[in-house]
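Read off the chains here:
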Amino acid sequence: MMTPTQAQTYCTTLTKKSGSNFYYSFLFLPKARRDAMYTVYAFCKEVDNAVDEPPPGSHPQEELARWRRELAAAYDGTPTVPVTISLAQHVRELSIPHTYFEELIKGVEMDLTTKRYATFDQLSLYCYRVASVVGLICLHVFGTTSPRAQDYAVNLGMAFQLTNILRDLGNDAECGRVYLPQEDFARFGYREEDLLHRRYKPEFTDLMKFEVARAKEYYAKAARALESLPRNERQALTVAEIMRGVYGRILQRIEESGYRVLGDRVTLSSSHRLAVAAGVWLRSRLPSTTP
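Report on the accompanying structure.

Rules and cut-offs
Residues numbered from 1 in each chain as written. Predicted model: local features only at pLDDT ≥ 70, side-chain atom pairs only at ≥ 80, totals over all residues. Heavy atoms only, no water. Helix = DSSP H or I, 4+ residues; strand = E, 2+ residues; numbered from the N terminus. Buried < 20%, exposed > 50% of the residue type's maximum accessible area, 1.4 Å probe, protein only. Contact = heavy atoms within 4.5 Å. Areas by Shrake-Rupley, 256 points an atom, 1.4 Å probe, with all protein chains shown as cover. Lys, Arg positive; Asp, Glu negative; His and termini not counted. Charge placed at Lys NZ, Arg CZ, Asp CG, Glu CD. Phe/Tyr/Trp six-rings, centres within 6.5 Å; stacked < 30°, edge-to-face > 60°. Lys NZ or Arg CZ within 6 Å of the ring centre and 35° of its normal. Core = buried A, V, L, I, M, F, W, Y, C linked by side-chain atoms within 4.5 Å. Salt bridge = Lys/Arg side-chain N within 4 Å of Asp/Glu carboxyl O. Axes fitted to C-alpha atoms, helices over the stretch in contact; angles between N-to-C directions. Parallel < 35°, antiparallel > 145°, perpendicular 65-115°, else oblique. Nonpolar A, V, L, I, M, F, W, Y, C, P; charged D, E, K, R; others polar. Disulfide = S-S within 2.5 Å. Left-handed = near helix turned anticlockwise from the far one by under 90°.

Comments concerning the overall build of the protein chain
Okay, so step 1: Helix and strand counts for the protein chain come out as 15 helices and zero strands.
Okay, so step 2: Projected onto the principal axes, the alpha-carbon positions of the protein chain cover approximately 60 × 55 × 35 Å.
Okay, so step 3: Taking all 291 residues of the protein chain together, the buried fraction comes to 51%.
Okay, so step 4: In the protein chain, 72% of the contacts between residues at least 6 apart in sequence involve partners at least 24 apart.
Okay, so step 5: Carbon and sulfur atoms make up 53% of the accessible area of the protein chain, which totals about 13300 Å².
Okay, so step 6: Here the protein chain holds 37 positive side-chain charges and 34 negative ones, and the gap between their average locations is 6 Å.

Here it is as structure tokens:
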């Protein structure tokens, strides 16, 4: 059995090795909150791996059941694996609701049963569970959980997940998953067969323009929610704003590439991500006349 300190080291190491866009934003948090974010990220990563990279000989559904048991154990004070040993301490100190993590697991579980989404309403539930809920968890880490901050987190989570879906469209299709709604394919006359064969056509460009505009709407909704918050809450959300900067740049790169997302993955270099993070952090420290 690991001590909480050893478990925290495990989570921190896992997060650092991931190379995730999120890692660069965590660097700007005070240590205690940064440790909590490393642990939340590690939990999300390991639950996701239960479906996308299950241990040899394991069954994803059984792995998710194991994580549900471990999550319950974390809240009962009886965790047995590194991530939940660390998580138990943070959820207690930060009062993070159990239901948020349960919703996250339900979202990951959808990847086992749902390979296509007929409508955007159906896709929205998936995005909420795997991304917006993570934003709601993060609010407890950042120290602001007001209703408007929750609006911000939900919309930003939607924007992030839609950006991920657009960036990974080709690779996901190769793995048998097509997240973009079937109603959108029909609307623009782009066939799934063309997607699976990585064909760029005018209809594909029209589809992508529509989906990028939808993602931008969610970024804009998040921005409006942020602007309505008092300065102290806006500053508490600086790390989330760093992520908005990074993911916003990725969406911009997708547009600038002419929507060439069926081949190499659109990414930002480490130096670019750090530059975005530093710029957002510095701007958050500038004097403001807004109360």
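A closer look at the environment of L180
Okay, so step 1: The topology assignment puts L180 in the loop between α9 (169–174) and α10 (182–188).
Okay, so step 2: By relative accessible area, which is 1% here, L180 ends up buried.
Okay, so step 3: In the structure, L180 is positioned eleven residues away from L169 in sequence and 8.3 Å away in space, judged by C-alpha atoms.
Okay, so step 4: Those residues within four positions of L180 in sequence are excluded, and the remaining contacts are Y117, I165, L166, L169, F185, L207 and E211.

Re the packing of aromatic side chains
Okay, so step 1: All chains considered together, the criterion is met by 14 aromatic pairs.
Okay, so step 2: By way of ring pairs, the aromatic residues F43, W67, Y75 and F101 are connected into one cluster.
Okay, so step 3: The ring of F120 has R214 lying over it, and the distance from NZ or CZ to the ring centre is 3.8 Å.
Okay, so step 4: Looking at R260, its charged tip hangs above the ring of Y200, at a distance of 3.7 Å from the centre.

Quick look at the nonpolar core
Okay, so step 1: Grouped together as the largest cluster of nonpolar side chains are 91 residues, with contacts concentrated most on F43, L123 and F142.
Okay, so step 2: It is helix α7 (residues 120–142) that provides the largest number of residues to this core, a total of 14 residues.
Okay, so step 3: F43 has contacts with W67, L71, V83, T84, L87, F101, L104 and I105, leaving out every residue within four places of it along the chain.

Digging into the pattern of salt bridges
Okay, so step 1: A complete count under the given rule lists 22 salt bridges for this structure.
Okay, so step 2: Across the pair R66 and E63 runs a salt bridge whose closest N-O atoms are separated by 3.0 Å. Separated by three residues within a single helix, R66 and E63 lie in helix α4 (residues 60–76), roughly one turn from each other.
Okay, so step 3: For E63, a relative accessible area of 12% puts it in the buried group.
Okay, so step 4: Within the structure, one salt-bridge network assembled from shared partners comprises R191, E193, D194, R199 and K201.

As for the packing of helix α1 (residues 4–18) against helix α3 (residues 31–52)
Okay, so step 1: The geometry of α1 relative to α3 is characterised by a closest axis approach of 8 Å and an angle of 70° between their N-to-C directions. Viewed along their axes, α1 and α3 adopt a mutual orientation that is roughly perpendicular. Here α1 contributes Q8, Y10, C11, T12, L14, T15, K16 and S18 to the contact with α3, which in turn contributes D35, Y38, T39, Y41, A42, K45 and E46.
Okay, so step 2: Across the contact of α1 with α3, the residue classes tally to six nonpolar, five polar and four charged.

Comments concerning the state of the cysteines
Think of a disulfide as a covalent bridge from one cysteine sulfur atom to another cysteine sulfur atom.
Okay, so step 1: Counting across every chain of the model gives zero disulfides.
Okay, so step 2: Among the cysteines around C44, which has no disulfide bond, C138 carries the closest sulfur, lying 7.6 Å off.
Okay, so step 3: The class of C44 is buried, set by a relative accessible area of 18%.
Okay, so step 4: Here C175 is not disulfide-linked; the sulfur of C127 is the nearest cysteine sulfur, at 18 Å.

Let's talk about the environment of S271
Okay, so step 1: The residue S271 is located in helix α15 (residues 270–284) in this model.
Okay, so step 2: Counting along the chain gives 203 residues from S271 to R68, while the straight-line C-alpha distance between them is 37 Å.

Topic: the packing of helix α12 (residues 202–227) against helix α14 (residues 238–256)
Okay, so step 1: The interhelical angle for the contact between α12 and α14, taken along N-to-C directions, is 160°, at an axis separation of 11 Å. As summarised for this structure, α12 and α14 are arranged roughly antiparallel, according to the angle between their axes. Between α12 and α14 lies a crossing of left-handed hand. Every residue of α14 that contacts α12 at M208, V212, A215, K216, Y219, A223 and L226 is listed here: E241, R244, Y247, G248, L251, I254 and E255.
Okay, so step 2: Along the lines of polarity and charge, the residues of the contact of α12 with α14 split into nine nonpolar, one polar and four charged.

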